[in-house]
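Now for the letters of each chain:
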Amino acid sequence: MVGGDAASRGSAKEEATWRLALPNVLERVGEANGSLEAFLQGHGVTPGVVFSVGLVFEEVVTNVIKYSYADTGPHEIVAEASIGPEDIVLRVTDDGRAFDPRTAPPPDFDLPIECRAVGGLGIHLVRRLTRRVDYSRTSGKNVLTLFLPLAPGETEGQSS
Amino acid sequence: MPLEIDVDEKQPGLFEVTLDGRLDTDTAPALEKRIADLLTQQVRAVRFDMVRLEYISSMGIRVLFKTFRSLREKKAMFLMVNLQPQIKKVLDIAQALPPETVFASVQEADAYFDAMQRKALSKGDED
């Protein structure tokens, strides 16, 4: 079982929400992703969208864990998801150093992957799978809010 | 969910690596280790069968790319078959691996492998 707050399943009329506090430990990300995916599947979200939300969650949280902290101490990352009428809204809050991933340069595709900037591939995937990303620095915390369309084919990530 | 990795030598030097499950932050290190062990042998090609791979993240893509690069240095082939649509989509977005390494079926990948082997063998005659 994953620690932190359990997923809450409201009635059909209420907005379905999920919240999880997880430690800055890479080995816990897969488990947290499983909890998020179970919440989405439980609300009838289509497999393709579940896949995209899970991937965006993993990329954001692993980047926070790997690059956000100046110290090696324990930190708490709070992840929240809600299912809106048009989007899945995913919010990740961490107390690491200020970082707005929207300002990260896009990967240089002429370079082999290992020469590209650290975390760049993950941020690239996040950009391409989201419709919109908001960022704020609030009370010493990074708050990243990501919008993924419920209907497929609405992001530039939909190729071919 | 874990990742199951099966390695099977289908022809001399042609190794099939079957991935079943999720290739993510948790499981990528295990695949990296299996590939490192595999590459100590005489390898002419590694064919990844991904029919049961359900998920891949940037950590998984990095391991695939490192494998591709190591094989290229050995003048060996890197082949991927049976990609599920969501896996193909992520690999397309990542632009980390050449599209010509993706084959629709094992038969297509094997035909390519056989053709490249014949080409290598006959190279001496052509020159």
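Residues numbered from 1 in each chain as written. Chains lettered and ligands numbered in written order. Predicted model: local features only at pLDDT ≥ 70, side-chain atom pairs only at ≥ 80, totals over all residues. Heavy atoms only, no water.

In this section: the pattern of salt bridges. By the definition in use, this model includes 14 salt bridges over all chains. Notably, a salt bridge pairs A:Arg132 with A:Asp134, separated by 2.7 Å at the nearest N-O pair. Residue B:Lys88 pairs with B:Asp92 through a salt bridge whose shortest N-O separation is 3.2 Å. One end of the pair, B:Lys88, and the other, B:Asp92, are both in helix 3 (residues 85-94), four residues apart, so they sit about a helical turn from each other. Beyond isolated ion pairs, a larger network of salt bridges with shared partners links B:Asp8, B:Lys10, B:Glu16, B:Arg47 and B:Asp110. (Salt bridge = Lys/Arg side-chain N within 4 Å of Asp/Glu carboxyl O. Helix = DSSP H or I, 4+ residues; strand = E, 2+ residues; numbered from the N terminus.)

Residues and elements named next belong to chain A. In this model, chain A carries an average pLDDT of 86, and 81% of its residues clear a pLDDT of 70 or more. Ignoring residues within four places in sequence, the model shows residues 1-12, a span with pLDDT below 50, making 18 contacts including any to other chains. Confidence drops under a pLDDT of 50 for residues 156-160, and excluding neighbours within four residues, the segment shows nine contacts in the predicted structure. (pLDDT = per-residue confidence, 0-100. Contact = heavy atoms within 4.5 Å.)

So, about the pairing of strand 5 (residues 141-149) of chain A. All names here are of chain A. Where burial is concerned, most of strand 5 is hidden: eight out of the nine residues are buried. By the bridge criterion, eight bridges tie strand 3 (residues 87-94) to strand 5 in an arrangement that is antiparallel. Opposite Thr93, over in strand 5, you have Val143 as the bridge partner. Here strand 4 (residues 132-138) folds back onto strand 5 in antiparallel fashion, the turn holding two residues, of which Ser139 has a positive phi close to 50 degrees. (Buried < 20%, exposed > 50% of the residue type's maximum accessible area, 1.4 Å probe, protein only. Pairing = 2+ DSSP bridges.)

Moving on, we get to the interface of chain A and chain B. Chain A puts 30 residues into the contact, and the matching count from chain B is 23 residues. For the pairing of chain A and chain B, the buried interface totals around 2,100 Å² over both sides, and the portion due to carbon and sulfur atoms is 55%. Linking chain A with chain B are one salt bridge, by the criterion used here. Its salt-bridge partner being A:Glu37, residue B:Arg22 comes within 3.1 Å of it at the nearest N-O pair. At the junction of chain A with chain B, the criterion picks out eight residue pairs in polar contact (both at pLDDT 80 or more). Among the secondary structure elements, those contributing two or more residues to the side of chain A that touches chain B are helix 1 (29-42), helix 2 (47-67) and helix 3 (120-129) of chain A. Taken together, the residues of the side of chain A that touches chain B break down into 10 nonpolar, 11 polar and nine charged. (Buried area = accessible area lost by both parts, 1.4 Å probe. Polar contact = N/O pair within 3.5 Å; in protein donor to acceptor, adjacent residues only side chain to side chain. Nonpolar A, V, L, I, M, F, W, Y, C, P; charged D, E, K, R; others polar.)

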